[in-house]
Amino acid sequence: MNLSLSDIAPPLRWTSPGQIAPIADEPQLPEAWWQAIPLDRVCAIVGTQTVAGRLADLAVAHWGHLLLGDILPLLRFSDPAESERTPEMLGKDVVQKLFGGVLDRLLEPAAAAVPVPARPDRPLPEVIDAVFAAMDERQRAIARDRLYAVNRVTLDELAQRFSVTRERIRQIERDLRDHVEAWLGGPEAVALVAHVTWLRGRLGSAVPADDLAAAVPWHRGDLRALGIPAWRFVRTLLTGYEQADGWLVAGGADELREKTRQLFADGPRPLAEAVSMVAQLGVREDVAERWILAVPQLRVLDQHVVPWPRSINEKAEAVLAVAKRPMAPEEIQERIGEDYSLVGIRNQLTADDRFRRVDRNKYGLTRWGGDEYLGIREMIAREIERAGGEASVSTIVTSLTSRYDVSESSVRAYSGGPGFERTQRGWIRVAGTSPTGEAEPYQPRKDVPETRRSFRSRDGRWWHRVDVNAEHLRGSGSPLPTGFAAYLGMAPGGQLTAATPSGDVVISWHNQPTMGSIRNVLADFKAGEGDHVFLTVSDGGELLTRFLPGAPTGMPPLNRALYLIGYTAPVTSEAEGLRLIGARIGLPESATREEVFARLRERGDRDILGYLGG
């Protein structure tokens with residue numbers, strides 16, 4: 001015998017020697033014995049059961065997801081039922097017993113009279129053709145149109161074509177299968193069986209389906225007796241392979257996809273390293289990158305394989321992790337390359353704690369550390385605080401322009417604007433603070449929980465509802481309640497600039513707080529009169545927005561009231577609805593119906609009260 005163990009166990013040919021050696025090495029045998037010396041010599045030295053045990057150990061450790069018939073194809077002929085199971089299902093002891101039985105039968109002395117295959121040098125397509133040429137037209141039609149067809153003809157169609165019952169067609173089909181299976185176990189099919197064994201090793205655990213036709217030239221040729229490409233017949237011999245989304249996958253496609261995803265659960269990996277990792281699952285290195293691209297929730301990005309889940313936040317995190325540098329939202333949007341709006345990406349970068357704004361228009365990962373960029377006014381205040389309560393404008397300009405993408409003129413303009421005041425020596429400090437830097441906070445008549453159209457989200461952030469009207473659409477400014485403006489950190493005489501992708505929105509407080517034009521924001525949403533926009537300002541100076549179109553006609557009153565607080569999910573009862581409204585206006589969960597109604601009256605939310613019947 002001149003066969004090595006790797007000749008009859010295909011996974012040994014595509015698994016890295018570095019993975020095989022720690023399990024398979026034997027002191028009495030040379031390195032890589034599984035492919036270096038004939039199997040009969042190996043078994044004579046260490047024993048058949050030792051070889052079976054090493055192969056079973058490898059199966060459990062590295063090929064647990066593969067069918068036993070894919071690991072040792074000869075098992076399909078000696079034990080067809082068990083060959084369709086996996087090492088994970090049976091365990092090492094049972095697998096070793098099955099493998100040992102195959103090796104024992106393989107190494108049995110040959111019988112005295114061994115049938116000689118007819119014409120062993122005959123081309124394999126002719127060998128296959130001979131099987132079907134001996135059949136009648138009806139049998140060949142059933143083989144062509146049922147057994148080996150891409151789009152199978154129904155039993156009824158064949159029954160009508162040959163004027164027999166559908167059960168007769170079913171019986172002929174069953175007999176055909178049995179006949180072909182018996183022929184495959186005979187001497188005339190030895191070369192074909194060897195070809196299929198070689199093919200399993202070449203294909204590995206996953207391969208593009210087109211590779212089967214291209215594996216050898218004769219696969220593309222037609223079988224004359226059936227008029228079909230030879231590869232379609234060969235495909236039926238590759239039992240244990242599932243065809244899914246243009247791939248042939250040994251075992252279950254879903255299982256191999258999940259095992260592939262788990263390789264990258266800890267984050268991005270360089271592509272070359274990723275290919276080697278996927279090859280450990282039995283995928284050939286030359287198709288490993290294509291397999292990775294075919295696995296949902298994985299993506300190749302800048303020569304790295306990254307987890308690619310459905311969340312825009314996690315995609316943005318993956319983009320930054322691969323880039324290893326802060327990026328602008330526009331660049332992140334381009335790298336993601338999907339239909340996400342720039343407004344949505346900015347909002348997520350601002351709201352998610354995984355990200356940190358590190359410059360005027362750049363975001364990084366919080367785990368990278370470093371100072372957070374808070375907007376020019378807030379950065380000036382931080383410089384003053386670090387300097388002990390007051391600082392020279394020149395010092396502030398030098399510090400901020402050297403670290404951030406801001407101009408000297410902008411820093412000087414903000415330094416001389418509302419929010420800052422000159423000290424006796426010509427430096428500046430935060431307006432409304434004592435010389436020691438202690439703040440004198442503004443206290444509005446009504447805090448934000450008592451402020452009309454202001455609602456708290458689950459994360460504790462307060463939002464103000466704007467009911468869109470013609471003035472907003474024309475670009476006019478609009479008043480803001482003092483309670484909400486104070487919540488944003490403003491005081492009389494102050495000004496706050498909130499950034500949006502379509503331009504800054506200025507909120508100023510002279511006689512009363514006033515928000516500048518939000519026409520560009522509304523245009524991004526294609527908003528019209530009667531729609532609603534909930535807005536707030538993040539700690540980083542971003543205007544966060546949430547758009548709700550006008551409520552559809554026929555909406556029940558309770559749901560209409562909830563809609564006005566920004567809640568759109570269904571509720572099971574009025575009590576649940578009142579609990580949600582109470583939480584959004586700052587009341588505890590234990591608040592009664594009367595307390596919710598009283599707070600809404602105090603705030604002036606008469607539209608919500610009207611839908612609640614209050």
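Just so you know, the residues in each chain are numbered from 1, in the order the chain's sequence is written. Two thresholds apply to this predicted model, a pLDDT of at least 70 for residue-level local features and 80 or more for giving and counting side-chain atom pairs, whereas whole-chain, interface and lining totals are computed over all residues. The basis for the side-chain values is all heavy atoms of the structure; hydrogens and waters are excluded.

*Asks:* Please clarify how the overall build of the protein chain should be interpreted in this entry.
*Replies:* Put simply, DSSP marks the helices as runs of H or I at least four residues long and the strands as runs of E at least two long, and each gets a number from the N terminus on. Secondary structure summary: the protein chain contains 34 helices and 20 strands in total. Along the longest, intermediate and shortest principal axes, the C-alpha atoms of the protein chain span 115 × 65 × 45 Å. Burial classes: relative accessible area under 20% of the type maximum marks a residue as buried, over 50% as exposed, and values in between as partly exposed (1.4 Å probe, protein chains only). Looking at the protein chain residue by residue over its 614 residues, the buried ones come to 48%. Per-residue accessibility takes into account occlusion by the displayed protein chains alone, with areas from the Shrake-Rupley method and a 1.4 Å probe. Of the roughly 29700 Å² of accessible surface on the protein chain, a fraction of 49% belongs to carbon and sulfur atoms. His is not counted here, nor are the chain ends, while Lys and Arg score as positive and Asp and Glu score as negative. For the purpose of locating charges, the reference atoms are NZ of Lys, CZ of Arg, CG of Asp and CD of Glu. Within the protein chain, the 82 negative side-chain charges are centred at a point lying 4 Å from the centre of the 74 positive side-chain charges.

*Asks:* In this structure, what is going on with the pairing of strand β7 (residues 298-301)? I would like to understand it.
*Replies:* One face of the sheet, then the other: side chains in a regular strand alternate in exactly this way. Here, a strand pair is defined by DSSP locating no fewer than two bridges between the strands. As paired strands, β7 and strand β8 (residues 304-307) are joined by four bridges and run antiparallel to one another. Among the inter-strand pairings, R299 is bridged to a residue of β8, identified as V306. The hairpin formed by β7 and β8 contains two residues between the paired strands, and D302 there has a positive phi angle of roughly 50°.

*Asks:* Any chance you could explain the sheet that holds β8 here in plain terms?
*Replies:* Consider a sheet: its strands pair through backbone hydrogen bonds, and that pairing is either parallel or antiparallel. Reading across the sheet, the three strands line up as β6-β8-β7 and stay open at both edges, with antiparallel pairing between neighbours. One side of each edge strand has no neighbouring strand; the edge strands of this open sheet are β6 (269-270) and β7.

*Asks:* Could you clarify how one ought to interpret the packing of helix α32 (residues 574-584) against helix α33 (residues 593-603) in this entry?
*Replies:* Any two packed helices are characterised by how steeply their axes cross, that is the angle between the axes, and by the distance between the axes. Interaxial angle, 0 to 180 degrees, is taken between N-to-C directions of lines fitted to C-alpha atoms, where a helix line uses only the stretch in contact. It is the contact of α32 with α33, at a shortest axis distance of 10 Å, that shows an interaxial angle of 45°. On the basis of their axis angle, the class for α32 and α33 is oblique. Considering how the two elements wind past one another, α32 and α33 form a crossing that is left-handed. Taken together, the residues of α33 that come into contact with α32 (itself represented by E574, L578, I581 and G582) are R593, V596, F597 and L600. Across the contact of α32 with α33, the residue classes tally to five nonpolar, one polar and two charged. In this scheme, roughly parallel covers angles under 35 degrees and roughly antiparallel covers those over 145, while 65 to 115 is roughly perpendicular and the rest are oblique. Crossing chirality is assigned from the near helix's rotation relative to the far helix, an anticlockwise turn below a right angle marking it left-handed and a clockwise turn marking it right-handed. Contacts: residue pairs with any heavy atoms within 4.5 Å of one another. Only Asp, Glu, Lys and Arg are considered charged in this grouping, and only Ala, Val, Leu, Ile, Met, Phe, Trp, Tyr, Cys and Pro are considered nonpolar; every other residue, Gly among them, is considered polar.

*Asks:* How do you make sense of the nonpolar core when you look at a structure like this?
*Replies:* Across soluble globular proteins, nonpolar side chains have a tendency to be buried as a group. By size, the foremost hydrophobic cluster in this structure holds 76 residues, and its most contacted members are F99, F132 and F233. With near-sequence residues (within four places) excluded, F132 lies in contact with R140, A143, Y148, V180, A225, L226 and F233. Counting residues in each nonpolar core, the second largest holds 24 residues, with L544, A561, L609 and L612 among its members. By nonpolar core we mean a set of buried residues, namely Ala, Val, Leu, Ile, Met, Phe, Trp, Tyr and Cys, connected to one another through side-chain atoms within 4.5 Å.

*Asks:* In this structure, what is going on with the side chain of K315? I would like to understand it.
*Replies:* Note that K315 resides in helix α22 (residues 312-323). Residue classification places K315 among the buried positions, given a relative accessible area of 5%. When neighbours within four sequence positions are excluded, K315 is seen to be in contact with W308, P309, R310, I336, E338 and Y340.

*Asks:* Even after reading the chapter, I still don't get the pairing of strand β17 (residues 505-509), so can you show me in this structure?
*Replies:* Most of β17 is tucked away: four of the five residues are buried. Judged from the four bridges that link them, strand β16 (residues 495-498) and β17 form a sheet pairing that is antiparallel. Bridge pairing in β17 places Q495 opposite S508. Between β16 and β17, which pair antiparallel one after the other, the connecting turn spans six residues, and G503 there sits at a positive phi close to 125°.

*Asks:* Explain the sheet that holds strand β15 (residues 478-479) here, please?
*Replies:* Pairing within the open sheet is antiparallel, and its four strands lie in the order β15-β18-β17-β16. In the strand order of this sheet, the two ends are held by β15 and β16, each with one partner. Bridge analysis of β15 against strand β18 (residues 513-515) gives two bridges, and the strand direction is antiparallel. Bridge pairing in β18 places P479 opposite T514.

*Asks:* Is there a simple way to think about unusual backbone geometry in this case?
*Replies:* Of all residues except glycine, most have a negative phi; of all peptide bonds, most are trans. In the Ramachandran plot, Q303 falls in the positive-phi region, its phi being about 60° despite a non-glycine side chain. Mapping Q303 onto the fold places it in the loop between β7 and β8. Note on Q303: relative accessible area 54%, which makes it exposed. Notably, K324 is not glycine yet its phi reads approximately 60°, a positive angle. Mapped onto the elements, K324 comes out in the loop between α22 and α23 (329-336).

*Asks:* Is there a simple way to explain empty space enclosed by the protein in this structure?
*Replies:* Summary: where empty space remains is shown by rolling a probe the size of a single water molecule over the atoms. Note on definitions: the grid is 1 Å and covers protein atoms alone; a cavity is a set of points where a 1.4 Å probe fits but cannot get out; a pocket is an open set with protein on both sides within 12 Å along at least five of seven lines; lining residues have an atom within 4 Å of a point. Grid points are joined across faces, edges and corners, and a volume is the space filled by probe spheres set on the points. Here the structure, examined in full by the defined rule, presents two cavities of 30 Å³ or more. Volume-wise, the largest cavity comes out at about 70 Å³. Mapped onto the lining of the largest cavity, the elements with two or more residues apiece are α24 (342-351), α30 (519-525) and β20 (543-548). Computed from the structure, the second largest cavity encloses a volume of approximately 50 Å³. Surrounding the second largest cavity, P10, W14, L66, D70, R200, G201, G204, S205, Y241 and A250 form its lining. Grouping the constituent residues of the lining of the second largest cavity by class yields five nonpolar, three polar and two charged.

What is shown is where atoms sit, not what they do.
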